[in-house]
There are 4 protein chains.
Amino acid sequence: MATQTAFILGAGPGLGAALARQFARSGLGVALARRDGAAATALAAEIAALGVPTLGLGVEAGDPTAVEEAVAAAEAQLGPISCAVMNAASLVRAPFLDLTPAQFLTAWEAQAMAGMGFAQAVLRRMAPRGAGFLAFTGATASGKASANFAAFASAKFALRALSMSLAREFGPQGVHVAHVIIDGIIDSARLRATMPAMVERLGEDGLMSPDSIAAAYDYLRGQPKDAWTFELDLRPFKETW
Amino acid sequence: MATQTAFILGAGPGLGAALARQFARSGLGVALARRDGAAATALAAEIAALGVPTLGLGVEAGDPTAVEEAVAAAEAQLGPISCAVMNAASLVRAPFLDLTPAQFLTAWEAQAMAGMGFAQAVLRRMAPRGAGFLAFTGATASGKASANFAAFASAKFALRALSMSLAREFGPQGVHVAHVIIDGIIDSARLRATMPAMVERLGEDGLMSPDSIAAAYDYLRGQPKDAWTFELDLRPFKETW
Amino acid sequence: MATQTAFILGAGPGLGAALARQFARSGLGVALARRDGAAATALAAEIAALGVPTLGLGVEAGDPTAVEEAVAAAEAQLGPISCAVMNAASLVRAPFLDLTPAQFLTAWEAQAMAGMGFAQAVLRRMAPRGAGFLAFTGATASGKASANFAAFASAKFALRALSMSLAREFGPQGVHVAHVIIDGIIDSARLRATMPAMVERLGEDGLMSPDSIAAAYDYLRGQPKDAWTFELDLRPFKETW
Amino acid sequence: MATQTAFILGAGPGLGAALARQFARSGLGVALARRDGAAATALAAEIAALGVPTLGLGVEAGDPTAVEEAVAAAEAQLGPISCAVMNAASLVRAPFLDLTPAQFLTAWEAQAMAGMGFAQAVLRRMAPRGAGFLAFTGATASGKASANFAAFASAKFALRALSMSLAREFGPQGVHVAHVIIDGIIDSARLRATMPAMVERLGEDGLMSPDSIAAAYDYLRGQPKDAWTFELDLRPFKETW
């Protein structure tokens, strides 16, 4: 068992994988959870090559029971979770009158309910220990609700409120809760394949490397408890905001 | 049929009833919807005494289908809705680890899902007409998520995001969407009965009269379209904030 | 002497004049202060035709001594000031490295120092009476500091902080302090003459009528003390924000 | 000459000195500017013991000409400034009607004018190089203006607006501008001597170590340009906010 373990909910190929690599380089064992269990297992195997224990888990982020079981499994197999990142994503963009109630619910489940269930699973364990780090991935829409983003923005606002309330409730108990606002476009192989013109236009350092973002989470994880950050924003130097 | 009709979702005995009286005094017909259909009907009868057509409806605010039916019934019986207020309430306050996922979902349904379904029902009708007023009732927790308010604040943040996105999407189409932040305690007979010491301590004008709040909604309803407000806050003069 | 008197600091031909007309129509005597004393006197004469006592004063808004003298003169000639609006304006837009320290100081004096001196003059009188209304005119830049707006935005942020602190300090003493964010372009003869293409493009109700804005101040002035607004935003229905 | 140089405006014995030590440990030469030139020189000598070139300068932070001369001297003697921190402080707390216009001006000069002059001096040099880091020290009052803080909060709001405008204007030119909100009480020998009861009450990690805060600035300084932070908050784990 590792002395420290990170759990990433929403361990996709972009930021999720970068967080896993970053925490592994910092010496933490890493549990990787995402909907596609086979992909999670494959990523876990890749991260294990960095020399830390890993575990891949297929989990529906919006199902609190499944999330609790995954967290329990990770603690059993890897050890106490000291670092947890809620990174599940689900962009929805649509004219409001085209949106169905089911889509509106799904957007919220993927963010707010996933965050609630995950936070309960890890905080039930961290709070009695009086230590731990729990981070939530936010977006531009976490603080600004634009036209056509009613579903996504309301889910992201809800997630921000959840993290803010938890920071205030669990900070004095020794658990550091943080919210990271990603205000830019994350680089990926898929993006380069599907939107080459935009990638060309943004140019070097105009997209955000997942590794650069992951470094910010790792910095927050290591802050001393007399100077904790609740929220920081991240954007490329050339971003208009 | 009235030339103008108001629809209040969440027509309880406090602010909901005050809004109904205010709009009736301004000459609008009023549809009143709340979970308890008998209470809605009784309130409708009371408002009708002010000389406007009214309709009481029993509706589960978080059920989009039921809300759509109620809105359709109001338009059929009273005429086109030009003023809609989403006023459904559901305070939850609990230590986070005592909260169940079901409670978290219920809090969101009562605010965000209710707001989404209601907004769709009224905007489908207002947008083609290029006119209308849709207001959402917010609270202190709409912008600040305190400890023990994870469920309520995340629902209220979500509702605020919804209203902000809709204001941006439907404003240019001629529909005025607004968000009212009520940052104080609303006076009520029940409050005076159950918390007399607090009422005594706050003193005159330390509680908010529902009528004073309702007047703010009616002001917003009448703003000219070259100077619309998206958001205003309301609090008693002696409130600490 | 009128039973109630309004004092407008920054009584220019646009919003300042519209506020004066609005308050006069509501029955208040009106003192009008601006740098150009002859213009202030001319406007006072025009407003007097509405049947209320008026007074025009030439005042440098950023000079606290001059402002105190003007407020004293208005109280002596018109009666106790119950409504005060700080409306002095001074847009500066420049690349930051082209700005001089003198320009930066001037922008602040015209907003924050003017607001401070004016607030002291009126609050010294209102607070002992336990009543009064003091409003500050804000702008888009009151909450968002864009590139090339370092001087203007920092002055407007400072003015907003001043008004927020005063609202908290003097609210419990019975004085209502409010901040109005004007997030759009105000219509004027000069604008129509100098920028006809933009006016054409914005179309009907795309510019803000000073009268529409003034009505919002008058609404705030009349709010009951159990439901006061600190801040509201105003923008045309078609504004992108 | 060092390959990299930091310039700290407001190099007092607390956070200023901690920033100097932190940057020195990271290998930067350090220029230290504060009103008291002898104290600046003494601190420079102390930091030099860490093995980096240093320079102490007596400067009035609110005087743009003096600040420009100090920045020029630092570049001449230590080399190009790649890291600049505006850390000048000046808390004012008073009932609003006790405040003099001179105090209000002084509070602004010590924050906003100091920030403006310093930013011009360093950005004139950094922008043509297309690189550099400029940070501003904020406080709780940077975003919340409480009663009795009219002077301090309006100065801090102004400084935040300045930094926000500069981040937007100079980010695309390759210069990273950041704003750090310190939301807690910084530990110091003087605080322990003068307020022992409060120190006792806050307990371990209830005060903020200047070193912990300085580490956050150093982290921001090293962020890759595809993921820059504009703003982060820092507070002790047990702080109520």
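Residues numbered from 1 in each chain as written. Chains lettered and ligands numbered in written order. Predicted model: local features only at pLDDT ≥ 70, side-chain atom pairs only at ≥ 80, totals over all residues. Heavy atoms only, no water.

**Considering the overall build of chain A**
Heads up, the rule is: To qualify as a helix, a DSSP run of H or I must reach at least 4 residues; to qualify as a strand, a run of E must reach at least 2; elements of each kind are numbered from the N terminus. Based on C-alpha atoms, the radius of gyration is set beside the globule rule, defined as 2.2 Å times the residue count to the power 0.38. For every residue, the accessible area obtained with a 1.4 Å probe (protein chains only) is divided by the maximum for its type, and the residue is called buried under 20%, exposed over 50%, and partly exposed between those limits. Working rule for contacts: check all heavy atoms of both residues, and any pair within 4.5 Å makes them a contact. His residues and chain termini do not enter the charge count, which takes Lys and Arg as positive and Asp and Glu as negative. The atoms used to mark charge sites are NZ of Lys, CZ of Arg, CG of Asp and CD of Glu.
Scanning chain A for helices and strands turns up eight helices and seven strands. Taking 18 Å as the expected radius of gyration for a compact globule of 241 residues, we find that chain A reaches 17 Å, a close match to that expectation. C-alpha extents for chain A along the principal axes are approximately 45 × 40 × 35 Å. Relative to its full complement of 241 residues, chain A shows a buried share of 62%. A sequence separation of at least 24 residues applies to 71% of the contacts in chain A between residues at least 6 apart. Seen as two clouds, the 19 positive and the 21 negative side-chain charges of chain A have centres 2 Å apart.

**So, the pattern of salt bridges**
To keep things clear, this is the line we draw: Salt bridge, as used here: a side-chain nitrogen of Lys or Arg that lies within 4 Å of a carboxyl oxygen of Asp or Glu.
Under the criterion given, the structure shown has 44 salt bridges over all chains. With a shortest N-O distance of 3.8 Å, A:E75 and A:R125 are connected by a salt bridge. Of this pair, A:E75 sits in helix α3 (residues 64-78) while A:R125 sits in helix α4 (residues 101-129), and the two are 50 residues apart along the sequence. Exposure remark for A:R125: the relative accessible area of 17% places this residue in the buried category. Put simply, D:D187 and D:R192 hold a salt bridge, and the shortest N to O gap is 2.8 Å. Since its relative accessible area comes to 47%, D:R192 is described here as partly exposed. Here the residues in one salt-bridge network are A:E68, A:E75, A:R125 and A:R129, joined through shared partners.

**Observations regarding the layout of surface pockets**
If a probe as big as a water molecule is rolled over the atoms, it shows which places are left empty. Residues and elements named next belong to chain B. Basically, it comes down to this: Within this scheme a cavity is a closed region of a 1 Å grid, computed over the protein atoms alone, that accommodates a 1.4 Å probe without allowing it to escape, whereas a pocket is open but has protein on both sides within 12 Å along at least five of seven lines; lining residues each have an atom within 4 Å of a point. Grid points are joined across faces, edges and corners, and a volume is the space filled by probe spheres set on the points. Charged residues are taken to be Asp, Glu, Lys and Arg, nonpolar residues to be Ala, Val, Leu, Ile, Met, Phe, Trp, Tyr, Cys and Pro, and polar residues to be all remaining types, Gly included.
Here the second largest pocket is characterised by a volume of approximately 1800 Å³. Contributing to the lining of the second largest pocket are 48 residues, with A89, S90, L91, I186 and R190 lying nearest its centre. Listing elements by their share of the lining of the second largest pocket, those giving two or more residues are α1 (15-25), β2 (29-34), α4 (101-129), β5 (132-139), α5 (150-170) and α6 (189-194). Among the elements that line the lining of the second largest pocket, the one with the most residues is α4, at four residues. For the lining of the second largest pocket, the per-class residue count stands at 20 nonpolar, 16 polar and 12 charged.

**With respect to the interface of chain A and chain B**
Think of interface size as the accessible area that goes away when the parts come together; that is how it is often given. Test applied: Put simply, buried area is how much 1.4 Å-probe accessible surface two parts lose in total, over both of them, once they are put together.
Residue-level contacts link 37 residues of chain A with 37 residues of chain B. Roughly 3200 Å² is buried in total at the junction of chain A and chain B, and carbon and sulfur atoms are behind 74% of that figure. Looking at the side of chain A facing chain B, the largest losses of area belong to A:F96, A:L97 and A:W108, adding up to 20% of the total buried there. Where chain A touches chain B, the interface holds zero salt bridges.

**Let's talk about the packing of helix α1 (residues 15-25) of chain D against helix α8 (residues 210-221) of chain D**
Residue and element names in this part refer to chain D. Rule in force here: Axis geometry follows a simple rule: fit a line to the C-alpha atoms, using only the stretch in contact for helices, then measure angles between N-to-C directions, giving values from 0 to 180 degrees. Orientation labels follow simple angle bins: below 35 degrees gives roughly parallel, above 145 gives roughly antiparallel, 65 to 115 gives roughly perpendicular, and whatever is left gives oblique. Crossing chirality is assigned from the near helix's rotation relative to the far helix, an anticlockwise turn below a right angle marking it left-handed and a clockwise turn marking it right-handed.
Between α1 and α8, the least distance of the axes is 8 Å, while the angle of their chain directions is 50°. By the angle class used here, α1 and α8 are oblique. Remark: the crossing between α1 and α8 carries right-handed chirality. Taking contact as the criterion, the partners of L15, A18, L19, R21, Q22 and F23 in α1 are, on α8, P210, D211, I213, A214, A215, Y217, D218 and R221. Looking at the contact of α1 with α8 residue by residue, the classes come out as nine nonpolar, one polar and four charged.

**A look at the nonpolar core**
Put simply, the rule is: Note on terminology: a nonpolar core comprises buried Ala, Val, Leu, Ile, Met, Phe, Trp, Tyr and Cys residues joined through side-chain atoms within 4.5 Å.
Ranked by size, the top nonpolar core spans 118 residues in total, and within it C:F7, C:F96, C:F118, D:F7, D:F96 and D:F118 carry the most contacts. Ignoring anything within four residues of it in the chain, the contact list for D:F7 reads D:A31, D:A33, D:L57, D:A70, D:V71, D:A74, D:I81, D:C83, D:A84, D:V85 and D:F118.

**Side note on the pairing of strand β7 (residues 231-234) of chain D**
Each regular strand displays side chains that alternate between the two surfaces of the sheet. Residue and element names in this part refer to chain D. Spelled out, the test is: Two strands are counted as paired when DSSP detects at least two bridges linking them.
Burial along β7 is two-sided: the face carrying E231 and D233 and the face carrying L232 and L234 are both buried. Looking at chain direction, strand β6 (residues 176-182) and β7 are connected through four bridges and run parallel. From the neighbouring strand, V180 faces β7, where its bridge partner is L232.

**Quick notes on empty space enclosed by the protein**
Evaluated as defined, the whole model comprises four cavities of 30 Å³ or more. Put simply, the largest cavity is a space of about 130 Å³. What lines the largest cavity is a set of 15 residues, and nearest its centre among them are A:A167, A:G171, A:W228, D:R235 and D:W241. Counting only elements with at least two residues in the lining of the largest cavity, the list comes to α5 (150-170) and β6 (176-182) of chain A.

**Things to note about the relation of the copies chain B and chain C**
The following threshold applies: A least-squares fit on C-alpha atoms brings the copies together, and the residues used are those whose pLDDT is at least 70 in both copies.
Overlaying chain B on chain C yields an RMSD of 0.0 Å, the required transformation being a rotation through 180° with an accompanying axial translation of 0.0 Å. One copy is carried onto the other by what is essentially a two-fold rotation axis. Every residue of chain B has its C-alpha some distance from the rotation axis, and the shortest such distance is that of B:L232, at 2.3 Å. A share of 100% of interface residues in chain B that are also interface residues in chain C marks the association as one of identical surfaces.

**Notes on the interface of chain B and chain C**
Put simply, the test is: For this analysis, a polar contact is any N or O atom pair within 3.5 Å, provided that within protein one partner can donate a hydrogen and the other can accept it, and provided that sequence-adjacent residues contribute only side-chain to side-chain pairs.
The interface of chain B with chain C comprises 31 residues on the first partner and 31 residues on the second. By the criterion of area lost to chain C, the three top residues of chain B are B:D226, B:F237 and B:W241, representing 29% of everything that side buries. Run the count over chain B and chain C and you get 16 residue pairs in polar contact (both at pLDDT 80 or more). Those elements giving two or more residues to the side of chain B that touches chain C turn out to be α5, α8 (210-221) and β7 (231-234) of chain B. Looking at the side of chain B that touches chain C, its residues break down into 17 nonpolar, six polar and eight charged.

**Remarks on unusual backbone geometry**
Backbone geometry follows two general trends: most residues other than glycine have a negative phi, and most peptide bonds adopt the trans configuration. For A:D205, which is not glycine, the phi torsion reads 60° and is therefore positive. Inspection of the secondary structure assignment puts A:D205 in the loop between α7 (196-202) and α8 (210-221). Phi at C:N148 takes a positive value of approximately 75°, unusual for a residue other than glycine. Tracing the chain through its elements places C:N148 in the loop between β5 (133-139) and α5 (150-170).

**As for the relation of the copies chain A and chain B**
You can overlay chain A on chain B at an RMSD of 0.0 Å; the transform is a turn of 180° with a shift of 0.0 Å along its axis. When the interface residues of chain A are mapped onto chain B, 100% of them again lie at the interface, so the same face is used by both copies.

**What about the packing of aromatic side chains?**
Definition in use: Aromatic rings from Phe, Tyr and Trp, taking only the six-membered ring of Trp, are treated as a pair when their centres fall within 6.5 Å; an angle between ring planes under 30 degrees marks them as stacked, one over 60 as edge-to-face, and anything in between as tilted. Only lysine NZ and arginine CZ atoms are considered, and such an atom sits over a ring when it is within 6 Å of the ring centre and within 35 degrees of the ring normal.
One pass over the structure, following the stated rule, counts 24 aromatic pairs over all chains. When the centroid spacing of 3.7 Å and the interplanar angle of 5° are considered together, the rings of B:Y219 and C:Y219 count as stacked. On the criterion of chain membership, the pair formed by B:Y219 in helix α8 and C:Y219 in helix α8 (residues 210-221) is interchain, its members lying in two chains. The exposure classification of B:Y219 matches that of C:Y219, with both residues buried. Grouping aromatic residues by their ring pairs yields a cluster made of A:F104, A:W108, B:F104 and B:W108. A cation over a ring is seen here: B:K225 above C:F237, with NZ or CZ 4.2 Å from the ring centre. For the cation-ring pair, D:R235 lies above D:W241, with the distance from its terminal atom to the ring centre recorded as 3.9 Å.

Nothing here speaks to function; it is all geometry.
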